[in-house]
Amino acid sequence: LLDLDADPVAVDAALRGDPLLRPLVIRNPGVRVPGTVDGTELAVRAVIGQQISVPATRTIASRLVAELGKPLTVATGDLTHVWPEAEAIADADVTKIGLPRARQATLKSLASAVAEGDITLDPGADREHTRAKLLELPGIGPWTTDCIMMRALGDPDAFMPTDLGVVRALDRLGAREDPVSISDRWRPWRAYAQQHLWATPQ
């Protein structure tokens, strides 16, 4: 969850050598990549959040949990249910939670692949196999895949070049190359470079 096995000294040394990132690394040394306690939950949230706002994503995720999650014996404030297992999502009717039909199909395909063991979403999973399997699913493209690879599998080189926050940050920094070309300079630490880009002042 907290990326505590990272070597921030090595990461900073590598990224500080890039003229575009140097001031960002100096300003915020030791940046880590946030992970997740549940890779399936993160992946489902990434699918739900495609092309909608964070508040809308939260609303739909809440409906999913209320509909399919196991109720807690004792609720704590707004915390009333456990996040649903992949099997529950794969077998459920998700037409009422507010997702477009195509996104419903993506959600169920993802949940089925996890439930059947075709895809494993944790840091011990084979990254190349997982990436390939995710990209085979309908409705899951590079942005969603790299989000999952970065946060669920802990891939230090995952990068989302089409992410709006990344594109805007590079524009503010005066970058002349396209994000993919620039990011090649940051391998194998592109996930850390992305955290720096996301944190650039607006």
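See the structure above.
Small disclaimer: the values here were computed from a predicted structure and weren't measured. (Residues numbered from 1 in each chain as written. Predicted model: local features only at pLDDT ≥ 70, side-chain atom pairs only at ≥ 80, totals over all residues. Heavy atoms only, no water.)

J.: Please clarify how the overall build of the chain should be interpreted in this entry.
T.: Counting its secondary structure elements, the chain contains 11 helices and two strands. In the chain, the succession of helices and strands from N to C terminus is α-α-α-α-β-β-α-α-α-α-α-α-α. Relative to the compact-globule value of 17 Å for 202 residues, the chain shows a C-alpha radius of gyration of 18 Å, a close match. In terms of overall dimensions, the chain has C-alpha extents of about 50 × 35 × 30 Å along its principal axes. (Helix = DSSP H or I, 4+ residues; strand = E, 2+ residues; numbered from the N terminus. Rg over C-alpha atoms; globule rule 2.2 N^0.38 Å.)

J.: I keep staring at the pairing of strand β2 (residues 79-82) and nothing clicks. Help me out?
T.: Side-chain direction in a regular strand flips from residue to residue, so the side chains alternate between the two faces of the sheet. Note that strand β1 (residues 70-76) and β2 share three bridges and pair antiparallel. The residue of β2 that forms the bridge with Lys70 is Val82. Counted along the chain from β1 to the antiparallel partner β2, the turn is two residues long, and its residue Gly77 has a positive phi close to 60°. (Pairing = 2+ DSSP bridges.)

J.: Would you mind going over the environment of Asp157 with me for this structure?
T.: On the secondary structure map, Asp157 appears in the loop between α8 (142-151) and α9 (164-172). Among the residues examined, Asp157 registers a relative accessible area of 14% and is labelled buried. When the C-alpha positions of Asp157 and Asp184 are compared, they lie 9.8 Å apart, and in sequence the two are 27 residues distant. Look past the residues within four positions of Asp157 in its chain and what remains in contact with it is Arg187, Pro188, Trp189, Arg190 and Ala191. (Buried < 20%, exposed > 50% of the residue type's maximum accessible area, 1.4 Å probe, protein only. Contact = heavy atoms within 4.5 Å.)

J.: Before we go on, may I ask you to explain the environment of Asp118 in this structure?
T.: Within the element layout of this structure, Asp118 appears in the loop between α6 (101-115) and α7 (127-136). Since its relative accessible area comes to 38%, Asp118 is described here as partly exposed. Asp118 sits 16 residues away from Leu134 along the chain, and the two C-alpha atoms are 9.7 Å apart. What Asp118 contacts, discounting residues up to four positions off in sequence, is Ala113, His129 and Lys133.

J.: Help me understand the packing of aromatic side chains, please; the structure alone is not making it clear to me.
T.: The description of two aromatic rings rests on the distance between their centres and on the angle between their planes. In this structure the tally under the stated criterion is two aromatic pairs. Between Trp189 and Tyr192 the ring centres are 5.9 Å apart and the planes differ by 75°, which places this aromatic pair in the edge-to-face class. The exposure class of Trp189 is partly exposed, given its relative accessible area of 24%. A relative accessible area of 5% places Tyr192 in the buried class. (Phe/Tyr/Trp six-rings, centres within 6.5 Å; stacked < 30°, edge-to-face > 60°.)

J.: What is the right way to look at the nonpolar core in this model?
T.: Inside soluble globular proteins, nonpolar side chains tend to come together where they are buried. Within the largest apolar cluster, 55 residues are counted, with the highest numbers of intra-cluster contacts made by Leu110, Trp186 and Leu197. Ranked by the residues each element gives to this core, the list is headed by helix α3 (residues 39-48), at six residues. In this view, Leu110 contacts Ala43, Val44, Val47, Leu134, Leu137 and Ile140; residues no more than four positions away in its chain are not counted. (Core = buried A, V, L, I, M, F, W, Y, C linked by side-chain atoms within 4.5 Å.)

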